[in-house]
Structure formats: structure tokens, C-alpha cells
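Residue strings, one per chain:
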Amino acid sequence: LLVIRSAPGLQEFLNDVTRIRRDMIPHLGIKDPRDLIDALELRNLLDLAEIEANICLKRTESRGPHYREDYPAQDDKNWLKSIIARKDNGQLHLDTFTLDPSWQSRGDEKIGYWG
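An account of the accompanying structure is given in this report. (Residues numbered from 1 in each chain as written. Predicted model: local features only at pLDDT ≥ 70, side-chain atom pairs only at ≥ 80, totals over all residues. Heavy atoms only, no water.)

## Considerations on the pairing of strand β3 (residues 81-88)
The side chains of a regular strand alternate, first on one face of the sheet and then on the other.
Consideration 1: Relative to strand β4 (residues 91-98), β3 runs antiparallel, the two being bridged by 8 bridges. Bridge pairing links K81 to T98 in β4. (Pairing = 2+ DSSP bridges. Helix = DSSP H or I, 4+ residues; strand = E, 2+ residues; numbered from the N terminus.)

## Quick word on the packing of helix α1 (residues 7-23) against helix α2 (residues 33-58)
Consideration 1: Across the interface, α1 lies against α2 with an axial gap of 10 Å and an inter-helix angle of 160 degrees. As judged from the angle between their axes, α1 and α2 are roughly antiparallel. The element α1 and its partner α2 pack so that their crossing is left-handed. Each of A7, L10, Q11, F13, L14, V17, I20 and R21 in α1 lies in contact with α2, whose residues at this interface are L46, D47, A49, E50, A53, N54, C56 and L57. (Axes fitted to C-alpha atoms, helices over the stretch in contact; angles between N-to-C directions. Parallel < 35°, antiparallel > 145°, perpendicular 65-115°, else oblique. Left-handed = near helix turned anticlockwise from the far one by under 90°. Contact = heavy atoms within 4.5 Å.)

## Section: the environment of P72
Consideration 1: Within the secondary structure layout, P72 lies in the loop between β2 (66-68) and α3 (76-79).
Consideration 2: Here the alpha-carbon distance between P72 and E61, two residues 11 residues apart in the chain, equals 6.2 Å.
Consideration 3: Setting aside its immediate chain neighbours within four residues, P72 contacts S62 and Y67.

## Considerations on α2
Consideration 1: Here α2 spans 38 Å end to end across 26 residues, near enough to the 38 Å set by a 1.5 Å rise per residue.
Consideration 2: Three or more residues of α2 are buried, namely A39, L46, A49, E50, A53 and C56.
Consideration 3: Where α2 is buried, its residues contact β1 (3-5), α1, β2, β3 and β4.
Consideration 4: Of the residues flanking the start of α2, the one acting as N-cap is D32, its side-chain oxygen 3.0 Å from the backbone nitrogen of R34. (Expected span 1.5 Å × (residues − 1). Buried < 20%, exposed > 50% of the residue type's maximum accessible area, 1.4 Å probe, protein only. Polar contact = N/O pair within 3.5 Å; in protein donor to acceptor, adjacent residues only side chain to side chain.)

Shown next as C-alpha cells:
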């Protein structure tokens, strides 16, 4: 199943994540350990959603299952790189690093970046 993404749709999704954090998280009632687990899972899922949406916004091309209707073509010239997400003092930072071109398959032998 191909998910079709665009900058406006991703931004709307990020707005929804922010709204859920602002409106729901402070009002969660924790009565027992199961409630605590559910609240922590919700927080983790919202963190993951924020990271994934921001990474999808940063990658201005389509590649594999990542399809951007506003950037429908694969762009090896500018995007043969990976995106690394990290948080520093609560702020999300996205960095890129260029992949070694030898990662591509050579016959039956697969060469990986870490390899």
C-alpha cells in the first residue's frame, strides 16, 4: 500500500500531533499501572509521529515506499543520503549524511553502508 504524502498534508498531520499533545496529554487520568503504560505508549507514538512526519517533509523526493505527490521523482543527485533524527534539549534536529555509492547491489553481492 502506497501512502501519498505532500507538504500540506504532512504539516496538517504535525498540527494534529501538536493538538493531541496540548489537549489530551495533560488530562490523562492514571489510576493503575495499565493506564500509565497506555499514557507512556501514547507519548511515545506522538514522538514517533513527529519524527517521521518531519523526516518525510525534509526528504523532497519520492523513493521506495516514500511517495511525495509534490516531489514525484526519485532524486539521486540530491538525495542519495540518509536522514538522522535526534533530540537535543527537547528540540528535534534532522541531519543528513551522504551514502557511500558502493551500497548498491553488485550482482548477488550486496554492499551496505556499514559493511
